[in-house]
Amino acid sequence: MNPLVEFCISNLAKGAQETYDILENDPDIDVLEYGCLSYCSLCDQTFYALVNGDVVEADTPDELTKKIYQYIEENPLF
């Protein structure tokens, strides 16, 4: 079972697409995009993704990528 990373399409348009593209090319991570994840105020202020259901946020797409990988490493699924 791979970690699941979910993105809001609005956050992707804001710049998180860079992170999405990197993660989508990682065979050990499942990546999904949704029309809305219902974190609108967060989406408007920062870059974020849901990783296994938990919010991971950052100021830049590069930082978001690093934080997602760090979260996955520190919180294994099993």
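A few points on the structure. Nothing here was measured: the structure is a model prediction, and the numbers come from that model.

### Brief notes about the nonpolar core
Item 1. Ranked by internal contacts, the top residues of the largest apolar core, which has 17 residues, are Val 5, Phe 7, Leu 23, Val 51, Leu 64 and Ile 68.
Item 2. Within the residue set of this core, elements represented by two or more residues are β1 (4-8), α1 (9-24), β3 (47-51), β4 (54-58) and α3 (61-74).
Item 3. If sequence neighbours within four positions are ignored, Ile 68 has contacts with Val 5, Phe 7, Thr 19, Leu 23, Ala 49, Val 51 and Val 56.
Item 4. If you look at the next biggest cluster of nonpolar residues, it comprises six residues, including Cys 8, Leu 42, Tyr 48 and Leu 50.

### Comments concerning the sheet that holds strand β2 (residues 30-34)
The strands making up a sheet associate through hydrogen bonds between their backbones, and the pairing can be parallel or antiparallel.
Item 1. Taken together, four strands build an open sheet; the order of strands is β2-β1-β3-β4 and the sheet is mixed. Across the chains shown, the open sheet's two edge strands, defined by having one partner strand only, are β2 and β4. On average, each strand axis in the sheet is inclined to that of its neighbour by 30 degrees, with strand direction left out of account.
Item 2. The pairing of β3 with β4 spans five bridges and is antiparallel. Bridge pairing in β4 places Tyr 48 opposite Glu 57.
Item 3. In this fold α1 packs onto β1, β2 and β3, with an angle of close to 155 degrees to the strand it touches most, β1.
Item 4. Strand contacts of α3: β1, β3 and β4, with the helix running at about 145 degrees to β4, the strand carrying the most contacts.

Cut-offs and rules
Residues numbered from 1 in each chain as written. Predicted model: local features only at pLDDT ≥ 70, side-chain atom pairs only at ≥ 80, totals over all residues. Heavy atoms only, no water. Core = buried A, V, L, I, M, F, W, Y, C linked by side-chain atoms within 4.5 Å. Buried < 20%, exposed > 50% of the residue type's maximum accessible area, 1.4 Å probe, protein only. Helix = DSSP H or I, 4+ residues; strand = E, 2+ residues; numbered from the N terminus. Contact = heavy atoms within 4.5 Å. Pairing = 2+ DSSP bridges. Axes fitted to C-alpha atoms, helices over the stretch in contact; angles between N-to-C directions.

Honestly, it's all geometry; don't read function into it.
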